[in-house]
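# Coordinates in review
Residues per chain are reported as follows:
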Amino acid sequence: MHRKLMAIVAVAILATLLGPPLAAQAEFTGTTAGGAHYKIAVPDGWASGDGLVIWNHGFSLSPIGPVDDLGPLAELQLAQGFAVAASSYRQTGWALFKSSKDLRALVSAFKGHAGAPGPIILTGASLGGAVTVAALEQAKIADVVAAYTFCGAVAGSRNWDGAFDIRLLYDAVCRDVPDAAIAGGRTGLEKSSALGPSDVASSVNACTGVDLPKRRRSKEQKENLARLLALTGLPEGFLQTDMWYVTFGMSNLFYDRGKLRGKQALGNENVDYGDAAVDASIERVKARKGPARRLARNFTPKGKIGDVKIVNLHTDKDGLVIVENQSEYASVVPAENLTVAVAVEKQPSHCGFSVAEVAAGWDATTNWAAGGAQPTVAEMQATCEALAGIFGGPCRFDPDFVIPDMDGRVRPR
């Protein structure tokens, strides 16, 4: 058991005996000039040159407000001597248009409150994974030595091609079903729309019966549901979640003047959906080059990460941020800079990791950043098993898991 893991075990035992918080700390909050809120926690004894962890939160359409979340490992990180900081971002939804500027402002605020940090580790989940990998290439923050993401949208803006397909495939399958229509289509809802999440859920249920017990679904609903799931690759339990995302999240992306400014960045002009009837009936949309480039810049990874060490976790059946994000990211990032561990689940989840799995990923990240060897998935599984008795398992990292190619789920444009 290497020193980093021994430290995690010692901290975990103290947590069990004493309960949090484990370390006295100073906290600072504020708002940057760009309008993002931030929260900073600094443990006693921290001095300029010590480590800083930045936590990047996931997708939210809630109004921008004060930060209350420093990530799932904040207490452990503080007990290990790291300061921890997080930004609200200045944008809701797909915040990648300004998130790197927000993280630069966060580091600047940190320096003003606590002093200049030494090594910085960027962390994030879901959308926060995309924010993290974008910051590696765009934020120009000094002394970033490592990054750690889980269930991250690390393929970046290509995820919107998948969302766009889901939205138009729904219309192709459900357009003739009474009460199934959802306004907005290829652009999402206009800001003036009064349609709410319950309305979307009701429409999806009218078409597919997905919220009904199977015995109460009509023959047509069963056929529509089976066809839609086959076309999208979604787990049944994620259909309503994804339809919320592709309706309200796409509307925010499309109409926000800080993002696409009402311009058509997404298209499916020549996409083959593998279903002759769908290919003949689905709405065909041509993306405009300028807006498409703007979306790609904000953000599609290019792999220009320097010597940063990256550990990514994903679950194999994620129905919101698909595991194929990891194969897409691995195609542009040098193998010697990236370790990806996939947890094989019994039931689909989004970010459904055990505490021991997340702690094992953190141990791998910090050990590698401190000069250790690049971690393997088998080593991370062993670390997880060593921590499971304290943090709680299960431990499901499969060293032999082959991550499918993104083209198999998000049809190439």
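Residues numbered from 1 in each chain as written. Predicted model: local features only at pLDDT ≥ 70, side-chain atom pairs only at ≥ 80, totals over all residues. Heavy atoms only, no water.

## Observations concerning the state of the cysteines
- Counting across every chain of the model gives three disulfides.
- In this model Cys384 forms its disulfide with Cys395; the gap between the sulfur atoms is 2.1 Å. With the S-S dihedral at roughly -85°, the linkage between Cys384 and Cys395 falls on the left-handed side. Here Cys384, found in helix H13 (residues 377-391), pairs with Cys395, found in the segment after H13; they are eleven residues apart in sequence, far enough to count as distant. (Disulfide = S-S within 2.5 Å. Helix = DSSP H or I, 4+ residues; strand = E, 2+ residues; numbered from the N terminus.)

## Concerning the pairing of strand E3 (residues 52-56)
- Summarising burial for E3: five of the five residues are buried, a large majority.
- Two strands pair when backbone bridges link them, and E3 and strand E4 (residues 83-87) are joined in this way by four bridges, in the parallel orientation. Among the inter-strand pairings, Trp55 is bridged to a residue of E4, identified as Ala86.
- The parallel pair E3 and E4 is bridged by helix H2 (residues 74-79), and the resulting crossover is right-handed.
- Sheet analysis places E3 next to strand E5 (residues 120-125), joined by five bridges and oriented parallel. Looking across to E5, one finds that Trp55 is bridged to Thr123. (Buried < 20%, exposed > 50% of the residue type's maximum accessible area, 1.4 Å probe, protein only. Pairing = 2+ DSSP bridges. Right-handed = clockwise from strand over helix to strand, strands pointing away.)

## Examining the sheet that holds strand E6 (residues 144-150)
- Ordered in space as E1-E2-E4-E3-E5-E6-E7-E8, the eight strands form an open sheet in which the pairing is mixed. Two strands in the sheet have a free side with no partner beyond their single neighbour: strand E1 (25-31) and strand E8 (338-343). With strand direction ignored, the average angle separating the axes of adjacent strands in the sheet is 15°.
- In terms of strand pairing, strand E7 (residues 309-315) meets E8 through six bridges, oriented parallel. (Axes fitted to C-alpha atoms, helices over the stretch in contact; angles between N-to-C directions.)

## Here's the deal with the confidence of the model for the protein
- Averaged over all residues, the pLDDT of the protein is 94; the fraction at 70 or higher stands at 94%.
- Within the model, the stretch residues 9-19 combines pLDDT values under 50 with 13 contacts to residues more than four positions away or in other chains. (pLDDT = per-residue confidence, 0-100. Contact = heavy atoms within 4.5 Å.)

## Some points on the environment of Glu269
- The residue Glu269 is located in the loop between helix H8 (239-255) and helix H9 (276-281) in this model.
- Along the primary structure Glu269 and Asp363 are separated by 94 residues, whereas in three dimensions their C-alpha atoms are 45 Å apart.
- Beyond its immediate chain neighbours, meaning those up to four positions away, Glu269 contacts Arg284, Val285 and Lys286.

## Details of helix H7 (residues 219-232)
- Between the first and last C-alpha of H7 there are 20 Å, a value that for 14 residues agrees with the 20 Å anticipated at 1.5 Å per step.
- Within the span of H7, buried status applies to Gln221, Asn224, Leu225, Leu228, Leu229, Leu231 and Thr232. Buried positions in H7, seen along its axis, are confined to an arc of 165° and lie on one side of it. Turned more than 90 degrees away from the buried face of H7 sit Lys219 and Ala230, all of them exposed.
- Taken together, the buried residues of H7 touch helix H5 (158-174), helix H6 (197-208), H8 and H9.
- In the stretch just after H7, Gly233 is the one whose phi turns positive, near 75°. (Expected span 1.5 Å × (residues − 1). Arc of directions from axis to C-beta.)

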